[in-house]
Amino acid sequence: MLLIAGLGNPGPTYAKNRHNIGFMAVDEIARRWGFSAARSRFQAQVMEGAIDTPAGAVRTLLIKPQTWYNESGRSVGEALKFFKLDPALDLIVFYDEIDLAPGRFRMKAGGGAAGNNGVRSIVSQVGPHFRRARLGTGHPGDKALVHGHVLSDFHKADLKWVEPLLQACADAAPLLAAGEDEKYQAEVMRLAPAEKMDPRKRRDED
């Protein structure tokens with residue numbers, strides 16, 4: 001069984017925020033693979049289903065913690081312990097990464113929180129060894145502006161890379177479910193190419 005968590009803040013006020021791209025990715029995976037409607041469990045919105053792989057379907061639980069972004073670990077930890085899963089193998093967390101250029105995507109296994117309070121909360125509950133799916137949203141250029149940046153909505157111009165990135169994450173999910181993280185990363189970037197550039201520069205700047 002696989003547990004895939006997307007990070008974000010609950011409620012319509014935050015739904016289109018950069019900080020909520022983890023929620024958006026989980027929703028797109030649910031849509032693409034025909035998961036159940038969301039229900040409340042583990043202090044989260046939970047969707048159940050399976051992702052097809054060459055070796056067979058992998059039962060998957062998608063969760064969107066409703067604890068606020070910075071307390072995501074409470075929900076993730078509760079679900080992980082209930083199903084007795086190994087975080088290093090069975091937990092994948094999708095979240096926004098300001099130190100990646102908009103539209104870039106990187107998988108990472110383990111490590112620190114790099115200033116991300118949602119990741120820090122999960123580390124405090126389950127340890128650092130889990131799989132991370134990092135969705136680049138860019139950096140505002142000044143540390144003082146980060147809070148406002150992540151809690152602001154994507155601009156209309158951003159949708160030309162946000163939507164393909166989310167679709168690619170969902171379409172390539174069989175590789176993720178099979179544990180092929182490097183191949184998954186490569187396939188997402190093949191399906192939704194994004195230029196390597198300074199995270200402090202917008203995608204629509206020339």
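Just above sits the structure.
All of the points below concern the structure found in this document.

Turning next to the packing of aromatic side chains. For the structure on display, the rule yields six aromatic pairs. The interplanar angle of 55° and the centroid separation of 5.4 Å between the aromatic rings of Phe42 and Phe82 together place this pair among those described as tilted. Of this pair, Phe42 sits in the loop between strand S2 (39–41) and strand S3 (44–53) while Phe82 is found in helix H2 (residues 72–83), placing the two residues 40 residues apart along the sequence. Relative to Trp161, the ring of Phe154 has its centre 5.7 Å away and its plane inclined at 90°; by these criteria the two rings are edge-to-face. Its relative accessible area of 11% is what places Phe154 among the buried residues. Judged by relative accessible area, which is 4%, Trp161 ranks as buried. Each member of the aromatic cluster is reached from another via a ring pair, and the members are Phe42, Phe82 and Phe83. One Lys or Arg, Arg32, reaches over the ring of Trp33 and ends 4.3 Å from the middle of that ring.

On the basis of which strands lie adjacent, the open sheet formed by seven strands has the order S2-S3-S4-S1-S5-S7-S6 and mixed pairing. Sheet topology places S2 and strand S6 (105–109) at the edges, where each strand pairs with a single neighbour. For this sheet, the mean inter-axis angle between neighbouring strands, taken without regard to orientation, is 30°. With six bridges joining them, strand S5 (residues 91–97) and strand S7 (residues 131–136) adopt parallel strand pairing. Its bridge partner lying in S7, Ile92 is registered against Arg131.

Following the criterion strictly, the structure yields nine salt bridges and no others. In this structure, Arg39 engages Glu48 in a salt bridge whose closest nitrogen and oxygen atoms are separated by 3.0 Å. Notably, a salt bridge pairs Asp181 with Arg131, separated by 2.5 Å at the nearest N-O pair. With Asp181 in helix H8 (residues 181–191) and Arg131 in strand S7, this residue pair connects regions lying 50 residues apart in the sequence. Judged by its relative accessible area of 15%, Asp181 is buried. Assessed through its relative accessible area of 6%, Arg131 is described here as buried.

This part is about the pairing of strand S4 (residues 56–65). Most of S4 is tucked away, with seven of its ten residues classed as buried. Pairing analysis gives four bridges linking strand S1 (residues 2–6) to S4, with the strands arranged parallel. Note that in S4 the partner of Ile4 across the bridge is Leu62. The pairing of S3 with S4 spans ten bridges and is antiparallel. Its bridge partner being in S4, Asp52 is matched across the sheet by Ala57.

Procedures and definitions
Residues numbered from 1 in each chain as written. Predicted model: local features only at pLDDT ≥ 70, side-chain atom pairs only at ≥ 80, totals over all residues. Heavy atoms only, no water. Phe/Tyr/Trp six-rings, centres within 6.5 Å; stacked < 30°, edge-to-face > 60°. Helix = DSSP H or I, 4+ residues; strand = E, 2+ residues; numbered from the N terminus. Buried < 20%, exposed > 50% of the residue type's maximum accessible area, 1.4 Å probe, protein only. Lys NZ or Arg CZ within 6 Å of the ring centre and 35° of its normal. Pairing = 2+ DSSP bridges. Axes fitted to C-alpha atoms, helices over the stretch in contact; angles between N-to-C directions. Salt bridge = Lys/Arg side-chain N within 4 Å of Asp/Glu carboxyl O.

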